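Each chain, written out:
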Amino acid sequence: MGDKDYSRRKFINKCFKTGSLFLGGALLLNCRGANESSRNEVETKKESTSEDPCNDLSDISDGEIKKRQSLGYVKQSAVPDNSCGNCTLFIPAKPDNKCGGCILFKGPVYAEGHCVQWAAVTT
Ligand code: SF4
């Protein structure tokens, strides 16, 4: 009985040690990936910041930048007759601002832009 308990204890200890190794390795890899990802986002922000207010994403959160990227937003539409300016989700520019916005994500949007969620304005 004593031997059985000892080997069970040994087995459980081995499992915990192995599990800890895998968990530690996974956490390490995950943290490394997150750092690289946030570095890329910062670079995207820096690239986007310019004199053009419609291209300035410096006040926009990383999550919102990811949203606009995941929707394939581009500042110049490649689809004839489809652009943010004639999309039902477009928020027109305010009188004191040059750029509009979009209901789907925060930040400035060009009226000439486009994304995969384009939807025709219905009258
Ligand atoms: S949904 Fe897409 S196409 Fe429509 S306004 Fe927003 S970014 Fe532009």
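Presented here is an overview of the structure given in this document.

Scoring rules and cut-offs
Residues numbered from 1 in each chain as written. Predicted model: local features only at pLDDT ≥ 70, side-chain atom pairs only at ≥ 80, totals over all residues. Heavy atoms only, no water. Near = heavy atom within 4 Å. 1 Å grid on protein atoms, 1.4 Å probe; cavity = no way out; pocket = protein on both sides within 12 Å on 5 of 7 lines; lining within 4 Å. Sits in = over half its atoms within 2 Å of the grid points. Nonpolar A, V, L, I, M, F, W, Y, C, P; charged D, E, K, R; others polar. Helix = DSSP H or I, 4+ residues; strand = E, 2+ residues; numbered from the N terminus. Polar contact = N/O pair within 3.5 Å; in protein donor to acceptor, adjacent residues only side chain to side chain. Contact = heavy atoms within 4.5 Å. Buried < 20%, exposed > 50% of the residue type's maximum accessible area, 1.4 Å probe, protein only. Arc of directions from axis to C-beta. Salt bridge = Lys/Arg side-chain N within 4 Å of Asp/Glu carboxyl O.

1. Concerning the site of the ligand
The local shell around the ligand consists of Tyr73, Cys84, Cys87, Leu89, Phe90, Cys102, Leu104, Phe105, Cys115, Gln117 and Trp118. Of the pockets mapped on this structure, the ligand occupies the largest cavity. When the residues that make up the shell around the ligand are grouped by side-chain class, the tally is ten nonpolar, one polar and no charged.

2. Some thoughts on the side chain of serine 77
One can find serine 77 in the loop between α2 (62-70) and β1 (90-91). Looking at serine 77, its side chain comes within polar contact range of the main-chain nitrogen of valine 79, at 3.1 Å. If near-sequence neighbours (up to four positions away) are discounted, serine 77 is found in contact with Asn82, Ser83, Glu112, Gly113 and His114.

3. Description of α2
Turning to α2, its buried residues number three or more, namely Glu64, Ile65 and Arg68. Down the axis of α2, the sector holding all buried residues measures 100°, keeping them to one side. One or two residues past the end of α2 sits glycine 72, with phi positive at roughly 75°.

4. Quick word on the pattern of salt bridges
Oppositely charged side chains may form a pair once their charged atoms are brought near each other. Taken as a whole, this structure holds one salt bridge when the rule is applied. Put simply, glutamate 64 and lysine 67 hold a salt bridge, and the shortest N to O gap is 3.0 Å. Taken together, the residues glutamate 64 and lysine 67, both in helix α2 and three residues apart, mark about one turn of the helix.

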